[in-house]
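Here is what each chain is made of, one letter per residue.
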Amino acid sequence: MGKRFSRDPDGAVVPRKRPKVVHDAPTSEEIHSSRQLQQLLAFSQDPARARHGLQSFKLFLDELLNPDSNDAARRKILTDYLEAVKPPDGDETPVFLPGIMQTWSYGGQTNNDNIMSAVAVVLALLLKLLSQSLDTVQYGLGICRTLLQKRQLELIARNLSADKGKAFIISPTLRMLKEAVTFDGGAVAPPLFRARASTLKSLARNLGIVHMGDEAEDAKRPSPRTIAVLFFLAMLRVLHPEAKKELLSQRDIVDALTRDVKQDPPYLVRELLDGLRSHVLLDDKLSREAKARLLTASTLTRLSALYHYRLDNAAENEKSIADIAHEFLMTACTNPACGVLRLDSGFYPREVDANAAVSSTVGGDDQGLEAVVRTNKSTKNEISIRNYTLSNFLLNLRPWSSVKQSELVTSIFKVASELVANYFQNNKSFNFEPKLSATWIGYAAFLFNVVTLPIPDCFCRASAFPELPPPTSIVMDNILPPPLNQKALSRSLANKSNMISFFATRILVVAIEKLDVAIKMHQDPVHLNKVIWAEAARRLVNEFCQRSPSIKDMITAYRSIPEGDILHREAASRLLRLCYEVLPQVALSASFDVAPFLETALRRLSKHELDDPRDFGLILKELENLLAIAGFSPGMNWFAAPEGLSLSPFTLLLKVCVDAPHGVGLDAIRQVLNSVAVEQRLVPTDGKHPGLLVLLEALQDLRQTSPDSLALLWPFLDNCLTRCANAPAKYAEEKQETSQIPAGPSASFVSPLLAAISEQLPFVAAKAEEKATIKALGRFLPTLLGLCATAGESRTLLNAMFSTMVTHLADSKGKLAKAGIPEGLQFQHNPWPPAPASGSRPGRVENSQVDRSGSKTEPAMNAEALENVLHVADHLDVDNSALVKWSSKTVDELVDEGYLASLISLLVSEHASIRKEALVNVLKAAAKFQQSEYEEKEQVWLLLSELAETARDCINDGPLPSPIVAFACHALNVLRDPLSNLYPRVNTFLTRGPVWSLDKLPLVDELLSEEPDVGDAYYSQTSWLLGYLLDGLRTPRDLQLFHKQRAKGPVFQRVLALAANPFMRLPLRTQVLRLLYRATRIEGASTTLTTRFDVAGWLEGRQGSCADAGEAALYGGLRRRIWETCDRDRLRALSRRGLDEGCNITVG
């Protein structure tokens, strides 16, 4: 079949293709009168004539809108024209500009795109011009009302819904609507918005018609999207809150608003962000729900893309697009009034009420909210939160690649702390494996900022702590985020790159500081459920130890740091110090000899190798940290010169304090020196004496007057200090014999160091090569003795000593003997006495006072404060539900989460039936462990079996002794950790025999009498021992085991002797006092302690030798507690009323 061709009536072939539309440029003419203008704009069905008139009017308006034009005649022509075509006043439907409106309608009927575009252009220009003068506002309002008529609204909708390629129609129409909605301050904005079916027709689509091409968008010929965005912002600016809320509810429009924001020109981005910030975010009249409809996760993500905006051409003093976007996102995401941020519950899951859950958990397993969180994780694998929008938004940010994004994320975490754990749970794309790259450094900096975030008050937004503690997993993720696991941190510390190691060290420092804050919040005395909070604190510490590197890794990393890297060494020493202070059970598990590092720091300071004062300050900081660590080690020898140094560490520290530049903080080093001097009895222990401050002042005075003499003095002074520290009692006796004055009043004392100086002076004077030293001592000793007199030492004894010293000094002319000890010397470098405080702080304990009868009274802590400090919850408190709970748990859960310990605790129950059932279940648990794959199953099985054999014969007679049960519970915690320094001890005990003796306390003799198996583990073992003894003292029967006479003395007597150890720190001394306080809660125990062990006298002696007022008040409060709970009549008779006077104390 042949091809067919179209033919016209004449038979000629007609092509089938659509003819090409050619847009001819319209003609125009210059306008000289209003009459001419009326004729040009009169309706005509001739398209060419209509376009001719509209083009002439457009050029006429362009001239009037030209800012350089001030043609009054042209304005008069326009005014006359508008007045001429104004509709009559009585018209029901007045139509302004009838000729133009009819032409527009005709263009719509004939599908003439050129006319429809030209009308919109003319109306937009006319409204813009009329808005510039108050005289022409009425005409503009009439035109706007005409646009609201049905026919014009249909034409507007048709223009807006034109094909996407007809931007020459869409853009003028949007510009016309923008001018109309803002005309006269938005006078017609409400009716225009009510007609949104026409005026907002296809607005979402038009917001997507962007500029095409490689060149930048021309501001004089903007794309439809640009004009549509400006139209939307104009509506936000003039609409009332309810209409604005309705506008923001148009999802398609709001979504299209920011879809292509990254391609917009800079000026439009600025206007968009400023408009949304001013008229949405900061609009107090707009509801949070309306704002939230705009600030969805997708909108925030698109705006975050502006961090990498590449079209910015900001001027020198102008903010960049990235800065403006950052400010916008910071306001939107951190201000609750903006609708995105919701009030969270801190570290508590959203679906759990920590107060309402008490009734169902307190009587259970003391796990708090842990069970709830475990259930959530097993079912949803996520943490329930309130801020879902922010959670989804955060996953699209890259905080490791941009400082601003890192700041935004951490700012969000600060105001919505629930998001920290949720973020790292959902974002597992990046790990912390050490690799020196820009990405790793950025991620490390981001993690450091996250760790430094503060913990919310009370762990939530409430004003008081909830009944239950927050889940340990959530708290832990806020302290050490999951990427910072033990493997990654250990590798980072051991990395050869100093930068990677330094980053890991700094992160661990702030993490342990944050852990310390969390522990103190768990231990706050306001908690009602102290057992649950204490258990949560224990779990938190255990979890931290499992996630952080071992103390051995930290020590190894510190040893590998070069001496020249001062900043890194200071951070690493601070990390070790924090481990000893916050995690002593971990720190003391490894042997760390601090002496070599202390010597290195002292050597550098003594040789003046540091020219920069900042380096000197960092070395001092490192020295302070090492000194604090040395305080935990009883093996530290302060008075033995190490190899390579001529002076002892104590003397070198003195030298550092004397030679330090002015303004360098030395308070910490001075406190360490003074505490060592007091412990070694180098200085008087009287509370009013300034201690080592006298020697420091004399040395600094000599440094100012004669620096050369000071350099000669150090070896002699070091010799005297060493001898005095090795035999303090000897020099205390010698100074009494030298003075020939009997020891009587309290003012008759001098420093033992002076006696050592007096003894060694003749030996130095006998050496010919020490003449220079003798001259230096002649300058130094009078000042030292004069300052001792100012400090309150006996001038009589000082004069007697000085008369002996002068015979060996270079005083041939007798000037020194004649001058004697100078009087009235003042402390110039170290002010003493310190300036009195303006007022005592709340809770401060005052010094000893004198009551009305004239007898001396001692400070004491009141009963409530004493209970808060010394009372510890009974960890063997019977929980019968343990009989059921343990069977459904795995062996790991039995040990790690305390279910097995709760089962063992039932052996002290008062009910025989419960004890028997508990014994049967203990045997079942032992069998379960023996058949399991638990690593320490043999040891746990042996422990449970021996406990069952011990209890089998006496289970019917009564409860098992509490110390036996407490030992079993505490030994269980030791067996779960093979690295524990008590692991060998416990295993040795278990292999001795199948049954334990019920009248002996396990491991007490071994731990109190024998040296530890591992390094400096003595104090950690003592802490464990006191903990299990405290839990084991509950009943009068238990008390008998504590005061029973034994070969090495009663347990109570040996425990009291522990506190006399000068190296024992306050936490361990407090643990001894807790044991005494627990005893006072047992009937008759206070009387037994007083009659058999004279505990009142022991407390009085400890109080008198205590330099800390708070600790002294603790001793005084415990003395009062013992006096109030004992049999007073019996004790008065035994002491002949001496205890009445001895217990005269004042409650602070």
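Values in this document were obtained by computation on a predicted structure and should not be read as measured data. (Residues numbered from 1 in each chain as written. Predicted model: local features only at pLDDT ≥ 70, side-chain atom pairs only at ≥ 80, totals over all residues. Heavy atoms only, no water.)

Attention shifts here to the overall build of the protein. Looking only at helices and strands, the protein features 60 helices and five strands. Within the protein, the proportion of its 1148 residues that are buried is 52%. Of the roughly 53300 Å² of accessible surface on the protein, 49% is carried by carbon and sulfur atoms. (Helix = DSSP H or I, 4+ residues; strand = E, 2+ residues; numbered from the N terminus. Buried < 20%, exposed > 50% of the residue type's maximum accessible area, 1.4 Å probe, protein only. Areas by Shrake-Rupley, 256 points an atom, 1.4 Å probe, with all protein chains shown as cover.)

With that settled, the discussion passes to the packing of aromatic side chains. Within the structure shown, the criterion is met by 27 aromatic pairs. Here F1042 and F1052 contribute two aromatic rings whose centre-to-centre distance is 5.5 Å and whose plane-to-plane angle is 45°, an arrangement assigned as tilted. Of this pair, F1042 sits in helix α53 (residues 1036-1043) while F1052 sits in helix α54 (residues 1051-1058), and the two are 10 residues apart along the sequence. One exposure class covers both F1042 and F1052, and it is buried. Taken together, a centroid distance of 5.9 Å and an interplanar angle of 55° make the contact between F1052 and F1093 tilted. Placement of F1052 in helix α54 and of F1093 in helix α56 (residues 1085-1093) is noted, with a sequence separation of 41 residues between them. Here F1052 matches F1093 in class, with each residue buried. (Phe/Tyr/Trp six-rings, centres within 6.5 Å; stacked < 30°, edge-to-face > 60°.)

Residues W638 and F650 are the most contacted members of the largest nonpolar core, which totals 360 residues. If one sorts the elements of this core by residue count, helix α27 (residues 498-522) sits on top with 13 residues. If we ignore the near neighbours within four places in the chain, the residues touching W638 are L598, L627, A630, S648, P649, F650, L653, V672 and V676. (Core = buried A, V, L, I, M, F, W, Y, C linked by side-chain atoms within 4.5 Å. Contact = heavy atoms within 4.5 Å.)

Counting through the fold element by element, P47 comes out in helix α2 (residues 47-65). In this structure the C-alpha to C-alpha distance between P47 and I115, which are 68 residues apart in sequence, comes to 7.6 Å. Setting aside anything within four residues of it in sequence, one finds P47 in contact with N112 and I115.

Summed over all chains, the structure comprises 31 salt bridges. R259 is paired through a salt bridge with D255; the nearest N and O atoms lie 2.9 Å apart. A relative accessible area of 42% places R259 in the partly exposed class. Overall, the relative accessible area of 27% leaves D255 in the partly exposed class. One salt bridge connects D477 with R547, and the closest N-O pair in it is separated by 3.0 Å. With D477 in helix α25 (residues 472-479) and R547 in helix α28 (residues 530-547), the pair connects residues that are 70 residues apart, well separated along the chain. (Salt bridge = Lys/Arg side-chain N within 4 Å of Asp/Glu carboxyl O.)

It is worth spelling out the packing of helix α43 (residues 863-870) against helix α58 (residues 1109-1125) at this point. Running from amino to carboxyl end, α43 crosses α58 at an angle of 105°, the nearest separation of the two axes being 10 Å. Taken together, α43 and α58 sit at an angle that is classed as roughly perpendicular. Mapping the contact onto sequence places L866, V869 and L870 in α43 and L1114, G1117, L1118 and R1121 in α58. By residue class, the composition of the contact of α43 with α58 is five nonpolar, one polar and one charged. (Axes fitted to C-alpha atoms, helices over the stretch in contact; angles between N-to-C directions. Parallel < 35°, antiparallel > 145°, perpendicular 65-115°, else oblique. Nonpolar A, V, L, I, M, F, W, Y, C, P; charged D, E, K, R; others polar.)

Turning our eyes to something else, we now look at the side chain of S417. Within the secondary structure, S417 sits in the loop between α22 (403-415) and α23 (418-426). Here S417 falls in the buried class, since its relative accessible area comes to 4%. Apart from the residues within four sequence positions on either side, S417 is in contact with D344, G346, F347, P456, R461 and N478.

Backbone geometry places L97, a non-glycine residue, at a positive phi of 50°. Among the structural elements, L97 can be located in the loop between α3 (72-85) and α4 (98-109). On the basis of relative accessible area, L97 is assigned to the buried category, the value being 0%. A positive phi angle is found at F459, which is not glycine, with a value near 65°. Within the secondary structure layout, F459 lies in the loop between α24 (438-451) and α25.

A few words on helix α15 (residues 266-281). Here α15 contains 16 residues, and its C-alpha end-to-end distance of 21 Å stays within 8% of the 22 Å for a straight helix at 1.5 Å per residue. Those residues of α15 not exposed but buried are P266, L268, V269, R270, L272, L273, G275, L276, V280 and L281. The elements touched by buried residues of α15 are α12 (224-238), α13 (241-248), α14 (251-257), α16 (288-294), α17 (297-304) and α18 (321-334). (Expected span 1.5 Å × (residues − 1).)

Before going further, it helps to examine the confidence of the model for the protein. Taken as a whole, the protein shows an average pLDDT of 81; of its residues, 86% reach a score of 70 or greater. Per-residue pLDDT stays below 50 along residues 357-365; that stretch engages in 18 contacts with residues further than four places along the chain or on separate chains. Segment residues 374-380 is flagged for pLDDT under 50; beyond a separation of four residues in sequence, or across chains, it makes nine contacts in the model. (pLDDT = per-residue confidence, 0-100.)

Moving on, we come to the environment of E513. The topology assignment puts E513 in helix α27. In this structure E513 comes out as partly exposed when scored by relative accessible area, which is 28%. Sequence spacing of E513 and T452 is 61 residues, and the spatial spacing of their C-alpha atoms is 9.1 Å. The residues touching E513, leaving out its near neighbours within four places in the chain, are R574 and L578.

What follows is about the packing of helix α30 (residues 566-582) against helix α33 (residues 613-631). Remark: α30 packs on α33, axes separated minimally by 9 Å, with the N-to-C direction vectors making an angle of 25°. In terms of their interaxial angle, α30 and α33 are classed as roughly parallel. Classified by chirality, the crossing of α33 by α30 is left-handed. Residues I566, L567, R569, E570, S573, R574, L576, R577, Y580 and E581 of α30 pack against D615, L618, I619, K621, E622, E624, N625, L626, A628 and I629 of α33. (Left-handed = near helix turned anticlockwise from the far one by under 90°.)

The next subject is helix α40 (residues 771-790). Between its terminal C-alpha atoms α40 stretches 29 Å, which fits the 28 Å expected from 20 residues at 1.5 Å a residue. Taking the largest bend as the criterion, α40 deviates by roughly 30°, centred on F780, and proline P782 comes between one and four positions later. Summarising burial for α40: 15 of the 20 residues are buried, a large majority. (Bend = angle between axes of the 7 residues up to and from the residue.)

Tracing the backbone through its elements, the reader meets L177 in helix α8 (residues 167-182). For L177, a relative accessible area of 2% gives the class buried. The sequence separation of L177 and A189 amounts to 12 residues, and the corresponding C-alpha distance is 9.7 Å. Aside from chain neighbours lying at most four places away, what touches L177 is I156, L160, T199 and F231.

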